[in-house]
Amino acid sequence: MSRYKGGFTLPGEAGYEELTLRLAEKWGADVIRDSDGTALSDEILNAGYEIYSTICIIRDHNAWARENMGALQQTFLMTPPKTAESGELEIGLLDAFFREQFSINESDESLALWQVFDRTSNTEVARGNWTYLPEKGAVSIRGITPWHNYTVNFLAWRVWEEISMYNHVTNCWDKEHLMQLDPMHPGASEYLLSWMEDWCLSHPGTNVVRFTSLFYNFVWIWGGDERNRHLFTDWSSYDFTVSPRALALFEKKYGYRLCSEDFINKGRLYSAHMAPDAKKLDWMSFIGGFVSDMGRRLVDIAHRHGKKAYVFYDDSWVGLEPYSERFESIGFDGIIKCVFSGFETRLCAGVKADVHELRLHPYLFPVGLGGLPTFMDGGDPTLDAKKYWNSVRRALLREPVQRIGLGGYIHLVEEFPDFCDYIEEVKDEFDEIRSYHDAGRPYALKPRVAVLHAWGKLRSWTLSGHMHETDEHDLIHILESLSGLPLDVSFLSFEDIEGGVPKNIDVIINAGAKGTAWSGGSRWQNEAAVESLTKWVHGGGVFIGVNEPSAADGFGTVFRMAHVLGVDGESAGSYCHGRWKYDVVAAPGLIPEGVELRPANVRLTDGRATVLAERDGRPAVTENDFGAGKGVYISSMAARAENRPANTRLLLNIILRACGESLSQECVTDSPDTECAFFPCSGRLVLINNCGGARHTRVWVGGCLFEAELAPYETKIFESAGDNPAERLP
């Protein structure tokens, strides 16, 4: 592989100039960036590299914030349920919360939004029956029912910006607690626009303004008890966007008023795992409109000063949906995404932007996001990097990005020379893969796949957070599998299929637990969607359901698509009914060794479905003919890391089999632990090993058999026409 300078962003650090510039050369960097907690010296700034400067537009303004505390961001919180032992009850509002993160908003406009609920009877307590006690930070409730549970919804200021808080606690930052401004506050928006002008003037050497997202952070509510510090975390929720002003502007625009309970939702809040209702979608659209308008004003300032504007799609990204119709209107020149996995790589790569950049892991911090040591005693950052790159690489073989890079403290790598050597290898691999994409797209197998869930295209290639934080969800594993498979993948909402399934779709996957946005939840009450999907399968389409697909209450079946799948979920109403006996039918080559299938509480509907695998005496993989099409059921796709390659191959095999395709065909390796990508325009075949052990693999491409021994996580590249294959077809 040849060394190429460009396409790599390196984090520099004042005080470590020699190291910064040496690694910039070693890793083929063309850009040097600062990070939170670091600065770039004149020696680095004048070394001939392009410069990214990081700004988090809503924090690092504490002096102004202290004089304008009413411009801080807020959120609704709900106290834990408390049982009344008499007709009176007192509830401390912040008793359960991390007091360094929140303070009570005691203003009159805030108090007007508070609500008290009897959660036992699910009724609101009249305002005349409760009083706020500011000296105690508590609410006193009277005239209530003994032995009922009560909660208080109240509005709180967020007085410590969550990413600053995390770094302070986890990475030992010893600095002032940063607050966050709400740009929807008129004074704050004027201040931030003025600050942006001044910042651009004072940074003449900056080529790219790297916005650390924009305004509203993902929701991260911390508890006061260290045994349950993270009370609620959702990387896709909108709870931190609320304020009295925002609610008033929303009412003016949409003609109806939202209350605290519309956000609190009986204490469950509204995570991205829940199918959104009309109010949620309206609020998201409202916030998205504001974020786009204000973001465009900031980007215009950067452009006016001759600088490009990239956005880091993490942290304060809420309202910045990259697959929404509004995203392009903001005018960002590029998007940057931190990635642990393949599906996050595809999320970034598919956004409409000129430049896509991946911030690789591990982050150059002593401790990783999982809390384990990284660049410190007990850490193995090289192995971490191999595992993360393993997931990212397979996705990059399907969809290109233009840049990769690192973030954090560059001085930490001094004690890990093997890490520095490995990143050099990663950069070389990236350059090769990118050059093949420049010549043309990789070869894809025939079936065209769509994922159906309540969010549709808006939440393409995402769930709620990183892979390691949502490991129990089937869909996240399906997305991870699809991210590197040689298949064209798109995303559909239920509204997209009401009038008929798009003609370019061969397979639709619906996966998740009952009631979730991913399985569909209430969207399955849409009979037009059910009718359309049924007609499509009968005409030759393939519907693959995983876990509790199409599950919805109120109908004669648990699964709305039970008639297509040939299986249905168990319920209280079915336990007394007889179950069909079945034989497990052998399907050679379909289910790879090492597949992890979890038991499912399902039964055959009419005995006609073919059972291909079972777990604990229940069907785990089934196939059902329905007209000219098929319904396929899989009990689960969630798998431990060591089993994920086998589960990925199972998914591919099922797609191919259901579509009438051979499991053994060109560009499909014989080992589930290995994969390949063939680039016809450049004549290159890329073989990768996705596991930590050596593997022998074979694959047919262009009538030729290629064979290779692959070391753990290794990549090998063949010129399909020039290298000698192991065998040629006659």
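Residues numbered from 1 in each chain as written. Predicted model: local features only at pLDDT ≥ 70, side-chain atom pairs only at ≥ 80, totals over all residues. Heavy atoms only, no water.

### Remarks on the overall build of the chain
Within the chain, the regular secondary structure consists of 18 helices and 34 strands. Compactness check: the chain gives a C-alpha radius of gyration of 27 Å against a globular reference of 27 Å for 730 residues, within 12% of the reference. Structurally, the chain occupies a C-alpha span of about 85 × 75 × 45 Å along its principal axes. Considering only residue pairs separated by 6 or more positions, the chain has 71% of its internal contacts joining residues 24 or more positions apart. Working note: accessible area of the chain is about 28,300 Å², and carbon and sulfur atoms make up 48% of it. Within the chain, the 102 negative side-chain charges are centred at a point lying 5 Å from the centre of the 71 positive side-chain charges. (Helix = DSSP H or I, 4+ residues; strand = E, 2+ residues; numbered from the N terminus. Rg over C-alpha atoms; globule rule 2.2 N^0.38 Å. Contact = heavy atoms within 4.5 Å. Areas by Shrake-Rupley, 256 points an atom, 1.4 Å probe, with all protein chains shown as cover. Lys, Arg positive; Asp, Glu negative; His and termini not counted. Charge placed at Lys NZ, Arg CZ, Asp CG, Glu CD.)

### Concerning unusual backbone geometry
Cis rather than trans, the peptide bond between His361 and Pro362 has omega equal to 10°. Turning to its location among the elements, Pro362 is positioned in the loop between β18 (355–359) and α12 (381–396). Of note in the backbone geometry, Asp616 takes a positive phi value of approximately 55° without being a glycine. Tracing the backbone through its elements, the reader meets Asp616 in the loop between β26 (610–615) and β27 (618–626).

### Looking at the sheet that holds strand β29 (residues 674–679)
Taking strand neighbours across the sheet as the criterion, the 3 strands line up as β29-β30-β33 in an open arrangement whose pairing is antiparallel. Every interior strand has two partners, whereas the edge strands, β29 and β33 (715–719), have only one. When the angles between neighbouring strand axes are averaged without regard to direction, this sheet yields 15°. Sheet analysis places β29 next to strand β30 (residues 684–689), joined by 6 bridges and oriented antiparallel. Its bridge partner lying in β30, Phe679 is registered against Arg684. Seen against the sheet, α12 touches β29, β30 and β33 and runs at an angle of roughly 150° to β30. (Pairing = 2+ DSSP bridges. Axes fitted to C-alpha atoms, helices over the stretch in contact; angles between N-to-C directions.)

### Comments concerning the pairing of β27
Counted residue by residue, β27 has 8 buried out of 9 residues, so it is predominantly covered. The pairing of β26 with β27 spans 5 bridges and is antiparallel. The residue bridging Ala613 from the neighbouring strand is Val621, located in β27. The antiparallel pairing of β26 with β27 creates a hairpin that spans 2 residues between the two strands, and Asp616 there sits at a positive phi of about 55°. (Buried < 20%, exposed > 50% of the residue type's maximum accessible area, 1.4 Å probe, protein only.)

### Notes on the environment of Asp488
The residue Asp488 is located in strand β21 (residues 488–492) in this model. Between the C-alpha atom of Asp488 and that of Val542, which follows or precedes it by 54 residues, the distance is 15 Å. Leave out the neighbours within four places in its chain, and Asp488 touches Ala444, Pro447, Arg448 and Val449.

### Quick notes on the sheet that holds strand β20 (residues 448–452)
Taken together, 7 strands build an open sheet; the order of strands is β21-β20-β22-β23-β28-β27-β26 and the sheet is mixed. Two strands lie at the open edges of the sheet, namely β21 and β26, each paired on one side alone. Shown here is a sheet whose adjacent strand axes are inclined to one another by a mean of 20°, direction ignored. With 5 bridges connecting them, β20 and β21 associate as parallel partners. Paired with Val449 across the bridge in β21 is Val489. Packed on one face of the sheet, helix α14 (residues 474–484) meets β20, β21, β22 (507–512) and β23 (542–547) and runs near 145° to β22. Along the sheet, helix α18 (residues 644–658) contacts β20, β22, β23, β26, β27 and β28 (629–634); its crossing angle with β28, the most-contacted strand, is approximately 160°.

### A word on the pairing of strand β13 (residues 208–211)
The side chains of a regular strand alternate, residue by residue, between the two faces of the sheet. Neither face of β13 is left uncovered, since the one carrying Val208 and Arg210 and the one carrying Val209 and Phe211 both have all their residues buried. Pairing of strand β3 (residues 50–55) with β13 involves 4 bridges; the strand directions are parallel. Among the inter-strand pairings, Ser53 is bridged to a residue of β13, identified as Val209.

### So, the side chain of Ser316
When you line up the elements, Ser316 lands in the loop between β16 (308–312) and α10 (327–330). Ser316 gets classed as buried once you look at its relative accessible area, which sits at 1%. Leaving out residues up to four positions away in the same chain, Ser316 has contacts with Ile58, Glu161, Thr212, Ser213, Leu214, Phe215, Tyr216 and Asn217.

### Quick word on the packing of helix α11 (residues 342–349) against α12
It is the contact of α11 with α12, at a shortest axis distance of 7 Å, that shows an interaxial angle of 40°. Between α11 and α12, the crossing angle belongs to the class labelled oblique. For the element pair α11 and α12, the recorded crossing hand is right-handed. Note on element contacts: α12 touches α11 through Ser391, Val392, Ala395 and Leu396, opposite Gly342, Thr345 and Arg346. Considered class by class, the residues forming the contact of α11 with α12 number 3 nonpolar, 3 polar and 1 charged. (Parallel < 35°, antiparallel > 145°, perpendicular 65-115°, else oblique. Left-handed = near helix turned anticlockwise from the far one by under 90°. Nonpolar A, V, L, I, M, F, W, Y, C, P; charged D, E, K, R; others polar.)

### So, the pattern of salt bridges
Taken as a whole and assessed by the stated rule, the structure comprises 38 salt bridges. We note a salt bridge from Arg441 to Glu399, for which the minimum N-O separation is 3.4 Å. Remark: Glu399 occurs in the loop between α12 and β19 (403–405) and Arg441 occurs in the loop between α13 (417–439) and β20; sequence separation between them is 42 residues. Arg698 is the salt-bridge partner of Glu707, the closest N and O atoms lying 3.7 Å from each other. Because the salt bridges share partners, they merge into one network encompassing Glu570, Arg579, Arg603 and Arg618. (Salt bridge = Lys/Arg side-chain N within 4 Å of Asp/Glu carboxyl O.)

### Focus: the packing of aromatic side chains
Following the criterion strictly, the structure yields 36 aromatic pairs and no others. When the ring of Phe76 is compared with that of Phe263, the centres are 5.7 Å apart and the planes differ by 40°; the resulting orientation is tilted. With Phe76 in strand β4 (residues 74–78) and Phe263 in helix α8 (residues 261–264), this pair connects stretches of sequence that are 187 residues apart. Just as Phe76 is buried, Phe263 falls in that class too. (Phe/Tyr/Trp six-rings, centres within 6.5 Å; stacked < 30°, edge-to-face > 60°.)

### A look at α14
The element α14 is largely enclosed, with a buried count of 11 among its 11 residues. When α14 is considered as a whole, its buried residues turn out to be Asp474, Leu475, Ile476, His477, Ile478, Leu479, Glu480, Ser481, Leu482, Ser483 and Gly484.

### Considering the state of the cysteines
On inspection of all chains with the given rule, the structure shows 0 disulfides. Here Cys348 stays free of any disulfide, with the sulfur of Cys338 as its closest cysteine sulfur at 10 Å. The class for Cys348 is buried, based on a relative accessible area of 0%. (Disulfide = S-S within 2.5 Å.)

### Some details on the environment of Ala638
Secondary-structure assignment places Ala638 in the loop between β28 and α18. In this structure, the C-alpha to C-alpha distance between Ala638 and Leu597, residues 41 residues apart in sequence, is 7.9 Å.

By themselves, these are just geometric observations and shouldn't be taken as functional.
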